[in-house]
Amino acid sequence: MIDIHTHILPACDDGSPNVETSIVFIKKMIDAGVTSIVLTPHFIRNSYHNTSDIIESKFELLQKAVKAENIDIDLYTGPEVYLDIYSKDTIISENFTINNTKYVLVETNLTGFPNNLFEILYELVNNGLYPILAHPERYSNIINDPGSAEELIYKNIYFQVNAGSILGHYGKKIQKAAWFLIENGLVHFLASDCHCRNSEYSLPKAIDVIRKHIDDYTVRLLTEINPSKMLNNEKIEFFYLDKVEIKNRGFFSRFFK
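Predicted, not measured: the structure shown is a model, and the values here were computed from it.

Procedures and definitions
- Residues numbered from 1 in each chain as written.
- Predicted model: local features only at pLDDT ≥ 70, side-chain atom pairs only at ≥ 80, totals over all residues.
- Heavy atoms only, no water.
- Pairing = 2+ DSSP bridges.
- Helix = DSSP H or I, 4+ residues; strand = E, 2+ residues; numbered from the N terminus.
- Axes fitted to C-alpha atoms, helices over the stretch in contact; angles between N-to-C directions.
- Contact = heavy atoms within 4.5 Å.
- Parallel < 35°, antiparallel > 145°, perpendicular 65-115°, else oblique.
- Left-handed = near helix turned anticlockwise from the far one by under 90°.
- Nonpolar A, V, L, I, M, F, W, Y, C, P; charged D, E, K, R; others polar.
- Polar contact = N/O pair within 3.5 Å; in protein donor to acceptor, adjacent residues only side chain to side chain.
- Buried < 20%, exposed > 50% of the residue type's maximum accessible area, 1.4 Å probe, protein only.

## Examining the sheet that holds strand β2 (residues 36–39)
The parallel open sheet is built from 3 strands, whose spatial order is β1-β2-β4. Of all the strands in the sheet, just β1 (2–6) and β4 (74–77) have a single pairing partner and so form its edges. Across the sheet, the mean angle separating the axes of adjacent strands is 20° when strand polarity is ignored. Here β2 pairs with β4 via 4 bridges, running parallel. Bridge assignment links S36 to a residue of β4, and that residue is D74. Running over the sheet, helix α10 (residues 216–231) touches β1, β2 and β4 and is turned about 70° from β1.

## What about the sheet that holds strand β7 (residues 130–134)?
Here we have 6 strands laid out as an open sheet, ordered β3-β5-β6-β7-β8-β9, and parallel in their pairing. In this open sheet, the two strands that pair with only one neighbour each are β3 (42–43) and β9 (189–191).

## With respect to the packing of helix α1 (residues 19–31) against helix α2 (residues 52–68)
For the pair α1 and α2, the least separation of the axes is 10 Å and the interaxial angle reads 55°. With respect to each other, α1 and α2 are oriented oblique. Crossing geometry of α1 relative to α2 is assigned as right-handed. Across from V19, S22, I23 and I26 in α1, the residues of α2 making contact are L61, L62, A65 and V66. For the contact of α1 with α2, a count of residues per class yields 7 nonpolar, 1 polar and no charged.

## Section: the environment of N100
Along the chain, N100 turns up in the loop between α3 (87–94) and β6 (103–107). N100 sits 98 residues away from I2 along the chain, and the two C-alpha atoms are 17 Å apart. Reaching out from N100, the side chain makes a polar contact with the side chain of N95 at a distance of 2.6 Å.

## Section: unusual backbone geometry
Within the chain, H135 stands out as a residue other than glycine whose phi angle is a positive 35°. Relative to the helices and strands, H135 resides in the loop between β7 and α5 (140–144). Exposure remark for H135: the relative accessible area of 3% places this residue in the buried category. We note that C196 has phi near 60°; this positive angle belongs to a residue other than glycine.

## A short note on the side chain of K88
Inspection of the secondary structure assignment puts K88 in helix α3. By relative accessible area, K88 is classed as buried at 18%. Of note is the side chain of K88, whose polar atom sits 2.9 Å from the side chain of D89. Once residues within four sequence positions are removed from consideration, K88 is found in contact with E123, L124 and N127.

Worth remembering: the numbers are spatial, not functional.
Structural data, given as structure tokens:
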């Protein structure tokens, strides 16, 4: 499987503090069946201001450590960009896409979408980029109205749900929203968003639960097929169910009336 959202690049954001911690987690991910990792440090202007030069230097440092440990893993970079009015220009000038493709991981305010979110996203799409919205299930707009997620996908935005959300690590409301999105075919990627803050690597457990309550194909689509297409700059279908019916249903919704 391929984990497309991690904060394992050392000493550049609120994720791994050093190379040693990064190596420990990479080994743990390999043991769980991960074959490729996308290193996605935060780019938050004037906060985690990780330019392409900084990311490249940290990446080279980590690559040397991986080689020294004889670790067999494919590593890629592409920061998680916090959206603002300058995002389009920054993404293009800094080449902030994942593995030099058209795909770019983005995030925004968890407590409420900015009024100009659609305009910012339109600028990215209009310039040939493929935005992947990180953890949509954690945004208050989607928590309060999960069906509104469909509107974003119709605007050519992909969705990446966190494994921890599936498992309830962020609370029941976020867990419910995550299951709603997956049950209705509104998710394109499942990833860990690993910050190396504890010993648990959540992706395998989330995969097991999804495989049990939905099917194996969904697991492969979200952790193998679509991530592989992304890394190869291939187009991914926005809607992959024959008919998307937005309604509360399925395994998880039974527990939240």
